[in-house]
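Structural characterization, general
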Amino acid sequence: MTKLQERKSGQDTSRGSSWDAVLPGYRMSAAAALLEHRSCEDGRCAACGQPMPCPPACNAELILEL
Ligand SMILES: [Zn+2]
């Protein structure tokens, strides 16, 4: 019965715990990407040089809204 007890005390696997497990990591890298991909004075991204909002910044904002 130890396995059942582990299930109860551990993460609930019926609610997509794999997503819950990776989401904090995604959020951290998204936050780091947002810090890097900021617009500089000419309206372009300081990190990748694309017009703002650049794709990496858009993706990061989407992830942070999850
Ligand atoms: Zn960028």
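Note that this is a predicted model, so its numbers are computed, not measured.

Calculation notes
Residues numbered from 1 in each chain as written. Predicted model: local features only at pLDDT ≥ 70, side-chain atom pairs only at ≥ 80, totals over all residues. Helix = DSSP H or I, 4+ residues; strand = E, 2+ residues; numbered from the N terminus. Expected span 1.5 Å × (residues − 1). Bend = angle between axes of the 7 residues up to and from the residue. Buried ≥ 20, exposed ≤ 12 C-beta atoms within 10 Å, placed from the backbone. Contact = placed C-beta atoms within 7 Å.

Tallying secondary structure elements over the protein chain gives three helices and zero strands in all. Secondary structure of the protein chain in N-to-C order comes out as α-α-α.

Right, let's get into helix 2 (residues 17–36). Helix length check: helix 2 (20 residues) gives 29 Å between terminal C-alpha atoms against 28 Å at 1.5 Å per residue, within 8%. The largest bend in helix 2 is about 30 degrees, located at Leu 23, with the proline Pro 24 one to four residues further on. The buried fraction of helix 2 amounts to one of the 20 residues, a small share that puts the element mostly on the outside.

As a further point, take the environment of Ala 47. Among the structural elements, Ala 47 can be located in the loop between helix 2 and helix 3 (55–65). Between the C-alpha atom of Ala 47 and that of Ala 33, which follows or precedes it by 14 residues, the distance is 9.1 Å. Aside from chain neighbours lying at most four places away, what touches Ala 47 is Glu 36 and His 37.

Looking along the chain, the bond that leaves Met 52 and enters Pro 53 is cis, with omega of 0 degrees. Looking at the secondary structure, you find Pro 53 in the loop between helix 2 and helix 3.

This part covers the environment of Gly 43. Checked against the element boundaries, Gly 43 lands in the loop between helix 2 and helix 3. Considering only alpha carbons, one finds Gly 43 and Pro 53, 10 residues apart in sequence, at a separation of 8.7 Å.

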